[in-house]
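So the chains spell out like this:
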Amino acid sequence: MQKLIPFVLFIFISQGSKRTAVVATCTFPPEYTGEFVMQKSVNTGGTIEYSNISISFVGTPLWGNCYKRLDNNFIFKLSNDDNPCLRCLDLNLKSKNVLHVRSSNFSHCYLKEEEAIASCPNENVKNINDIILFKIADVSGYAAQKEFCPLGDKYHVSYSTMNPSSDHCMERESTLTTCGSGAIMSLKFHQCEKSTSDFRLSCIGEWTDPDGQRYLALEDTRKRPAYRCAQFRENLETGEIHIALSKDSTCDLHLRSPTRLLGYETISLTPIIYTEDQKWEEEIDSADCRFPLWLESQWEHVKVDNNKFFYKDQTDFITYDLKCLTKITQDKYIVYSRIHCTEKRYNCIWIQRRTDDVFEFQIGGSSSKYRTEHLCNPSNRLNKWITQSRKLPISPTKCPISGVFKGVIPEMKIYCTILSSDCMTPDLMYYKVFNCDTMDVIEEREYRCLGHWKEDDLLYTYTKRHDKIAQGTFECFVGSIVSDKEDYIIIKEAGEHCQRNMDPLSSGMKLTKQKQLTVLCVGNETSSEAKNSYSNDKKKTDWSVYETTAQNNQTTHLSDKNDQKVNPQAGACLRILPVAAINLFSIFIVIILGNNVFII
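So, how was this worked out
- Residues numbered from 1 in each chain as written.
- Predicted model: local features only at pLDDT ≥ 70, side-chain atom pairs only at ≥ 80, totals over all residues.
- Heavy atoms only, no water.
- Salt bridge = Lys/Arg side-chain N within 4 Å of Asp/Glu carboxyl O.
- Helix = DSSP H or I, 4+ residues; strand = E, 2+ residues; numbered from the N terminus.
- Buried < 20%, exposed > 50% of the residue type's maximum accessible area, 1.4 Å probe, protein only.
- Contact = heavy atoms within 4.5 Å.
- Core = buried A, V, L, I, M, F, W, Y, C linked by side-chain atoms within 4.5 Å.
- Pairing = 2+ DSSP bridges.
- Axes fitted to C-alpha atoms, helices over the stretch in contact; angles between N-to-C directions.
- pLDDT = per-residue confidence, 0-100.
- Polar contact = N/O pair within 3.5 Å; in protein donor to acceptor, adjacent residues only side chain to side chain.

Novice: Lay out the pattern of salt bridges in plain terms, naming residues and giving numbers.
Specialist: One pass over the structure, following the stated rule, counts 23 salt bridges. The salt bridge involving Arg222 is made with Glu265; its shortest N-O contact spans 2.8 Å. Here Glu265 lies in strand E19 (residues 265-271) and Arg222 lies in the loop between strand E14 (214-220) and strand E15 (227-234), a separation of 43 residues in the sequence. Owing to a relative accessible area of 18%, Arg222 belongs among the buried residues under this scheme. Here Glu265 falls in the buried class, since its relative accessible area comes to 4%. Taken together, the shared-partner salt bridges connect Glu31, Glu443, Arg445, Arg465, Asp467 and Glu475 into one network.

Rendered as structure tokens:
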């Protein structure tokens, strides 16, 4: 999860120029901010030169401050001797470390806003230019995190290049492995006609274009160039993989097709099955232990099939291959684990079903060369759950939110927030930040609710970003119960994996329920005041809250009406609001209805 950072507006002066950036009237999403490098030029010797570019929440010294946003098109503005310089750039986040920027002309300025808007990249504008920005750090200076490479452990390599100083290397003795780190491809060459040096490629991004072509962004240890763009294709039947790399840091030069081996460099990979791998499979097949039937599925980063549990750790880039040996209780199992490709040891895994489509697990902190049930003792638990959702949900979840809530960001009181639900899409929540005076929108987010459950008087809600900016990322929110008589909420994030040991009452942002904006869900439209307060044209309406209990698959309906009696089997009357904070501050929710308050 991206680190939370303060939101600060400022004015800067571009070095080496008399141009001064104007005060921003719009802002960039947090995912667009940070320190980047981009290809600047290629000198006569073929060496690629890079330049650094810093993007804050309000702009960049290179192009100016954010003046207006039109979906993915941003109008940048610089003042130059009292003459404005306006240009339109299209910003598209390909992955968390790769920002694609397009423009009809990067060097041209417009004096009038309508002229700049007319130049925005679209299907009617010809000769679009583009550049790729590779993130190296976030705005707080933390190094950008790599990503898992989309391939297995070990491969035979066939390698060819258009570089005359290197040669083709088609012998099977050359290998590629990711055993050291799942984010790094290590290539070792043997018996090549010419000297071909070993090198490594670090994976920093992956995306798929509208035509279905998969791309990789790579960091090359050879530094010629330092950053590469590659096309990637995998044969799902044979496991063979083909990678074609461009000559420079663009996705254009000498890059045509991975399967037809059209690239400045091409790498063809054939999976290697070693003797120890065959023995491992035999050991797995001989076991009688099985994981629960409900667990057998493809999850975010977990795949479970009978007695096999396969997990890719996205933080440490470690692959866990677990084999079920003994069922100790319904929620814990002795497993035989293989990590770093070859290391085999015994351990324990704890599994908890939270909802039909969400489960959590944790692997014991200590492993052993010997098989013993002591591995499942409570002392070996790290109390650090890993939360996973099913890739293909079997039981869609309604979001536990009702109505429209409005508040002010404590750190920056000129900014207001609105949190709302939509009965037309009850599995989605909407969150907006805007200028309280001008109503200019700073950020909008959508969240798809995946599941929620109660644990130790806290309620956890697991969500997935549904907007264009960070689609596919996961966030969890936590809350507790207190008593009061007012209708308001206070919100707080709980990380990607539903962090425990959190005190929701320690800090947060207060949001008050806008009763005049809340109407019945069925057959009613939102009031005109609500439409004026919310930028989306969809109906913003109210619907009931549901609490799901995974243990008995029972869903308890909690009525929206304050004066209605609560189902005695449902416990306290809770209003669950797992609202996502913008990555500017830590927030949580307290919803107070009647004599009860629920905090998330």
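Here the narrative resumes.
Novice: Break down the side chain of Ser368 for me, with residues and values.
Specialist: Here Ser368 lies in the loop between strand E25 (358-363) and strand E26 (386-389). Since its relative accessible area comes to 15%, Ser368 is described here as buried. Discounting residues that sit within four places of it in the chain, Ser368 has contacts with Arg345, Tyr346 and Leu375.

Novice: Residues and numbers for the nonpolar core, please.
Specialist: Counting residues in hydrophobic clusters, the biggest one holds 23 residues, and the most contacted among them are Leu151, Met185, Ile243, Ile267 and Leu269. Contributions of two or more residues to this core are made by strand E10 (154-161), strand E12 (184-188), strand E13 (199-208), E14, E15, strand E16 (241-245) and E19. In contact with Ile267, other than residues within four places in its own chain, are Val157, Ser158, Tyr159, Leu187, Leu201, Ile241, His242, Ile243 and Leu245. Counting 21 residues, the second-largest nonpolar core is a separate cluster that includes Tyr320, Leu322, Tyr333 and Ile339.

Novice: Outline the sheet that holds strand E23 (residues 332-339), supporting the account with residue identities and numerical values.
Specialist: Strand order in the open sheet made by the seven strands is E20-E21-E22-E23-E24-E25-E26, with antiparallel pairing throughout. What marks the edges here is a single partner per strand, and that holds for strand E20 (302-305) and E26. Adjacent strand axes in the sheet meet at a mean angle of 30° when their direction is disregarded. Sheet topology places E23 next to strand E24 (residues 343-355); eight bridges connect them, and they run antiparallel. Pairing of Lys332 across the sheet is with Trp350, part of E24.

Novice: Explain the confidence of the model for the chain to me, using residue names and the numbers behind them.
Specialist: Considering every residue of the chain, the mean pLDDT works out to 78; 75% of them sit at 70 or more. For residues 1-22, every residue scores under 50 in pLDDT, and the model assigns this stretch 62 contacts once sequence neighbours within four places are set aside. Considering only residues more than four positions removed or in separate chains, one finds that residues 520-600, a stretch of pLDDT under 50, has 282 contacts.

Novice: Requested: an account of the side chain of Ser174, with residues and values cited.
Specialist: Mapped onto the fold, Ser174 is located in the loop between E10 and strand E11 (175-177). Look at Ser174 and you get buried, because its relative accessible area is 0%. A distance of 3.1 Å separates a polar atom in the side chain of Ser174 from the backbone nitrogen of His190. When neighbours within four sequence positions are excluded, Ser174 is seen to be in contact with Tyr155, His156, Val157, Cys169, Lys188, Phe189, His190 and Cys192.

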